[in-house]
Amino acid sequence: MNAPPLTILVIPGDGIGREVIPAAVAVLQSTGLPLRFAEADAGWECFQRCGEALPLETLDAARAADAVLFGAVASPSHPVAGYRSPIVRLRRELDLYANIRPVFDDPPRAGDLRARRVDLVVVRENTEGLYAGRERVEDGGATAIAERVITRRASERIARVAFELARARHAARSAEDAPPAKVTIVHKANVLRETCGLFRAVALEVAQAYPDVQADEMLVDACALQLATRPERFDVIVTTNLFGDILSDVACAWGGGLGLASSANLGERHALFEPVHGAAPDIAGKGIANPLAAIGCAALLLDHLAHRAPLDVASDFRAWSARIQRAIRRVRVAGPHTPDLGGNAVTSEVTNAVIAHTLTS
Ligand code: NAI
Ligand code: MG
C-alpha cells in the first residue's frame, strides 16, 4: 500500500492548545497511517507578534489541507481594534457550517442507577446567529446592538445534518431494544419570533423528510435544565450558534468535563477538529492539561478522513479511529488522570498511556 499521504494542518494556537495538540499529533503519528503534518499560526500571541489573528498563509493552508486540527485561541473579552476570534472567522471562511459535539458518559458514575447512559450529540449551526459578527454601538457608545442573523439556507442544511446523524447513529446501534432515533429542535421562538421562528419552522419542515426519526422541540432554557437533570432523554440536539455553544458546555459535564469534550466542524469541502475547551490560561505552561479532548479530535479526524483516503486504506482509518476511542475510554476508567479528573498525572503520561492502549488493543 503506497497511498499518497493526506495533509493535516495543525494550528496549536494559544495556551494549552500548544500542549494538547502535540499530544494528539503524537497519537496520530503512532498509527503509521499515511498522514503528512504542516503547522500554521493563529491566535492572540500571533496577533501581538504580527498584527494578524488569522494570517492569510494560515487561511490558505487550511483551505489546501485535507483536514485541520485546531487547539485553542485566547480572545480578550474587551474590544481590541483589529482583533476577531480566529476560530469564529475560520468557521465562516471555510464554511464549516456544522459543529458536531458528542457527549457520552462511559463509564457511568459511581452509584448511578439510570437504565440508559448519556449518549447525545449537540449539532450547532456554526456560521450565523448571534455570532454573525454584526455588532455596532450607537448613541456615542451608550447603546450596543448585535444583529442575530438566521437564514432558511443555513437552518435547512444544519437540520439535515442533524436528521442524517440521528439516522446513522440509530443504524449503528446493534441492540434490538435500541431507543428510536430522535432529534430535539431547540429554540426560543416564543420570544425571538422571527429568527427562532424561522429556524424552528425550517427544522420542522426538514423533519417531514425523515419519518423514521422522531422530532421534538424544546425551548432553550428548558433544554438547559433537562441537560442538567435528564441528559439520557436526548439523542441529537439541533440548535442555533450561541445556544449550541452554551448547551454543549452544559452537556459535556456528563462526559467528564471540558478535558474530554471533542468537536468536529464540518462543511461541504473542509473539516476542522478542535477540543471544545479554550486556552485555559490558569493551567497553561504547567504541563497538566488533559489531552483526551484533543486526542478525541484526532479520532474524529481519522474517521472523517476515511472518506477521503484511498479505498485500500479507508478501513484502516476507521479501525485506528475506533482503537483510539477505545484507548481514551480505558484511560478514562483506569487512569492515569490529569488533575481535572482528580489525578496527578501530567499531559505526557496520559498521552503515552493512550498510545500504548491504541497500539495493543
Ligand atoms: P477554558 O476552556 O479555557 O477553561 C475553562 C476551565 O476549564 C479552566 O479552569 C481550565 O483550566 C479548564 N480546562 C479547560 N480545558 C482543560 C483541559 N484540557 N484540561 C484541564 N483543564 C481544562 O475557558 P475560559 O477560561 O472561559 O477561556 C479562556 C480563554 O480561552 C479565553 O481567552 C477564551 O476566549 C478562550 N476560548 C477559546 C476557545 C476556542 O479557541 N475555541 C473556546 C473557549 C474559550
Ligand atoms: Mg464554547
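Preceding this section is the structure that the text describes.
Asker: What is the right way to look at the sheet that holds strand 11 (residues 262-266) in this model?
Answerer: Across a sheet, paired strands are connected by hydrogen bonds in the backbone, their directions being either parallel or antiparallel. Spatial ordering of the open sheet is given by 2-1-3-12-11-4-5-10-8-9, a layout of ten strands whose pairing is mixed. Two strands bound the open sheet, and with one partner strand each, they are strand 2 (35-39) and strand 9 (214-219). Between one strand axis and the next, the sheet turns through 25 degrees on average, direction left out of account. Across five bridges, strand 1 (residues 6-13) lies against strand 3 (residues 67-72) in parallel orientation. Following the sheet pairing, Ile8 is matched in strand 3 by Ala67. Sheet strands touched by helix 8 (residues 241-252): strand 4 (98-104), strand 5 (119-125), strand 8 (182-187) and strand 10 (236-239). Its angle to strand 5, the strand with the most contacts, is close to 160 degrees.

Asker: What is the right way to look at the nonpolar core in this model?
Answerer: The nonpolar side chains of a soluble globular protein tend to be buried, and buried together. Ranked by size, the top nonpolar core spans 65 residues in total, and within it Leu35, Leu69, Val183, Leu302 and Phe317 carry the most contacts. Looking at this core element by element, the count peaks at nine residues for helix 9 (residues 292-305). Of the residues that make up this core, three or more belong to each of domain 1 (1-96 + 267-361) and domain 2 (102-255). Non-local contacts of Phe317, meaning those with residues more than four positions away in its chain, are made with Leu6, Leu33, Pro34, Leu35, Leu302, Leu305, Ala306 and Ala309. Judged by nonpolar contacts, the second largest core, of 20 residues, contains Leu120, Met218, Ile237 and Trp254.

Asker: Looking at this model, I keep getting lost on the pattern of salt bridges. Mind explaining?
Answerer: Two side chains of opposite charge can pair, provided their charged atoms sit close to one another. Applying the stated criterion across every chain yields a total of 24 salt bridges. The shortest N-O distance in the salt bridge between Arg18 and Glu45 comes to 3.0 Å. Linking Arg18 in helix 1 (residues 17-30) with Glu45 in helix 2 (residues 44-50), this pair joins segments that are 27 residues apart in sequence. Exposure remark for Glu45: the relative accessible area of 37% places this residue in the partly exposed category. The closest approach of N and O atoms between Arg136 and Glu138, which form a salt bridge, is 3.1 Å. Residue Glu138 is classed as partly exposed on the basis of its relative accessible area, which comes to 33%. Here the residues in one salt-bridge network are Asp60, Arg63, Arg89 and Glu93, joined through shared partners.

Asker: Help me out: how do you make sense of the environment of Asp119 in this one?
Answerer: Considering the arrangement of structural elements, one finds Asp119 in strand 5. Residues Asp119 and Pro231, spaced 112 residues apart in sequence, show a C-alpha to C-alpha distance of 8.3 Å. With near-sequence residues (within four places) excluded, Asp119 lies in contact with Val103, Phe104, Arg169, Phe234 and Asp235.

Asker: Is there a simple way to think about the packing of aromatic side chains in this case?
Answerer: For any pair of aromatic rings, geometry is given as the distance between the ring centres together with the angle between the planes. A full pass over the atoms with the stated rule returns four aromatic pairs. Plain terms: the ring middles of Trp44 and Phe47 are 5.6 Å apart, the flat faces sit at 20 degrees to each other, and that makes the pair stacked. One end of the pair, Trp44, and the other, Phe47, are both in helix 2, three residues apart, so they sit about a helical turn from each other. Judged by its relative accessible area of 13%, Phe47 is buried. Taken together, a centroid distance of 5.1 Å and an interplanar angle of 85 degrees make the contact between Trp44 and Tyr83 edge-to-face. With Trp44 in helix 2 and Tyr83 in the loop between strand 3 and helix 4 (86-93), the pair connects residues that are 39 residues apart, well separated along the chain. You can call Tyr83 buried: its relative accessible area is 11%. Three or more aromatic residues link up through ring pairs in this structure, and these residues are Trp44, Phe47 and Tyr83. Looking at Arg148, its charged tip hangs above the ring of Phe243, at a distance of 5.2 Å from the centre. Of note, Arg323 hangs over the ring of Trp320, and the distance from its end group to the ring centre comes to 4.3 Å.

Asker: How should the site of ligand 1 be read in this particular structure?
Answerer: In the vicinity of ligand 1, 20 residues are found, and the nearest of them are Ser75, Gly278, Ala280, Asp282 and Asn290. Between ligand 1 and Ala280 there is a distance of 2.7 Å, counted from an oxygen atom to a backbone nitrogen or oxygen. Between ligand 1 and Asp282, the relevant distance is 2.7 Å, taken from an oxygen atom to a side-chain nitrogen or oxygen of the residue. Contact with the protein chains removes 67% of the 810 Å² of surface that ligand 1 exposes when unbound. When grouped by side-chain class, the residues that make up the shell around ligand 1 number twelve nonpolar, five polar and three charged.

Asker: What's the story with the packing of helix 5 (residues 152-172) against helix 6 (residues 195-208) in this structure? I'm lost.
Answerer: In helix packing, the relevant descriptors are the interaxial angle and the interaxial distance, both defined with respect to the helix axes. Look at helix 5 against helix 6: their axes get within 9 Å of each other, and the N-to-C directions meet at 45 degrees. Between helix 5 and helix 6, the interaxial angle falls into the category oblique. Considering only the axes of helix 5 and helix 6, their crossing is right-handed. Across the interface between the two elements, Arg152, Ser155, Glu156, Ile158, Ala159, Arg160 and Phe163 of helix 5 pack against Leu198, Phe199, Val202, Ala203, Glu205, Val206 and Ala207 of helix 6. Taken together, the residues of the contact of helix 5 with helix 6 sort by class into nine nonpolar, one polar and four charged.

So, how was this worked out
Residues numbered from 1 in each chain as written. Chains lettered and ligands numbered in written order. Predicted model: local features only at pLDDT ≥ 70, side-chain atom pairs only at ≥ 80, totals over all residues. Heavy atoms only, no water. Pairing = 2+ DSSP bridges. Helix = DSSP H or I, 4+ residues; strand = E, 2+ residues; numbered from the N terminus. Axes fitted to C-alpha atoms, helices over the stretch in contact; angles between N-to-C directions. Contact = heavy atoms within 4.5 Å. Core = buried A, V, L, I, M, F, W, Y, C linked by side-chain atoms within 4.5 Å. Buried < 20%, exposed > 50% of the residue type's maximum accessible area, 1.4 Å probe, protein only. Domains from an automatic or database assignment. Salt bridge = Lys/Arg side-chain N within 4 Å of Asp/Glu carboxyl O. Phe/Tyr/Trp six-rings, centres within 6.5 Å; stacked < 30°, edge-to-face > 60°. Lys NZ or Arg CZ within 6 Å of the ring centre and 35° of its normal. Near = heavy atom within 4 Å. Polar contact = N/O pair within 3.5 Å; in protein donor to acceptor, adjacent residues only side chain to side chain. Areas by Shrake-Rupley, 256 points an atom, 1.4 Å probe, with all protein chains shown as cover. Nonpolar A, V, L, I, M, F, W, Y, C, P; charged D, E, K, R; others polar. Parallel < 35°, antiparallel > 145°, perpendicular 65-115°, else oblique. Left-handed = near helix turned anticlockwise from the far one by under 90°.

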